[in-house]
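A look at the structure
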Amino acid sequence: MNELMIDYGNGNYIYFKTRMTTAWDAYHEFERKCGSVGINTDNMSPTEATLTNEEFEDISVWKFW
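1. Here's the deal with the pattern of salt bridges
Applying the stated criterion across every chain, the model contains three salt bridges. Residue Lys-33 pairs with Glu-29 through a salt bridge whose shortest N-O separation is 3.9 Å. Here the residue Lys-33 and the residue Glu-29 both occupy positions in helix 1 (residues 23-36), the gap between them amounting to four residues, near one helical turn.

2. Some details on the environment of Ile-39
Take Ile-39: it is sitting in the loop between helix 1 and strand 3 (48-52). Look at Ile-39 and you get partly exposed, because its relative accessible area is 45%.

3. What about unusual backbone geometry?
Even without glycine at this site, Asn-10 takes up a positive phi of about 55°. Following the sequence through the fold, Asn-10 ends up in the loop between strand 1 (2-7) and strand 2 (13-18). A relative accessible area of 81% places Asn-10 in the exposed class. Positive phi, normally seen in glycine, also occurs at Phe-56, with a value near 65°. Mapped onto the elements, Phe-56 comes out in the loop between strand 3 and strand 4 (58-63).

About the cut-offs
Residues numbered from 1 in each chain as written. Predicted model: local features only at pLDDT ≥ 70, side-chain atom pairs only at ≥ 80, totals over all residues. Heavy atoms only, no water. Salt bridge = Lys/Arg side-chain N within 4 Å of Asp/Glu carboxyl O. Helix = DSSP H or I, 4+ residues; strand = E, 2+ residues; numbered from the N terminus. Buried < 20%, exposed > 50% of the residue type's maximum accessible area, 1.4 Å probe, protein only.

Here is the structure:
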């Protein structure tokens, strides 16, 4: 299983396990799951999302502008 690391700046990160294969898709899966359990992420501003595989190799990176 892959792992998405969402960087919110200032040393704040969230890690999310996923089967997605791009950081973009994994981030949107994370957002959907948060919404489905009532977690509001409106005031959380990510700077970057990095998807890694089980060997901790980067698969995909998405930078938020």
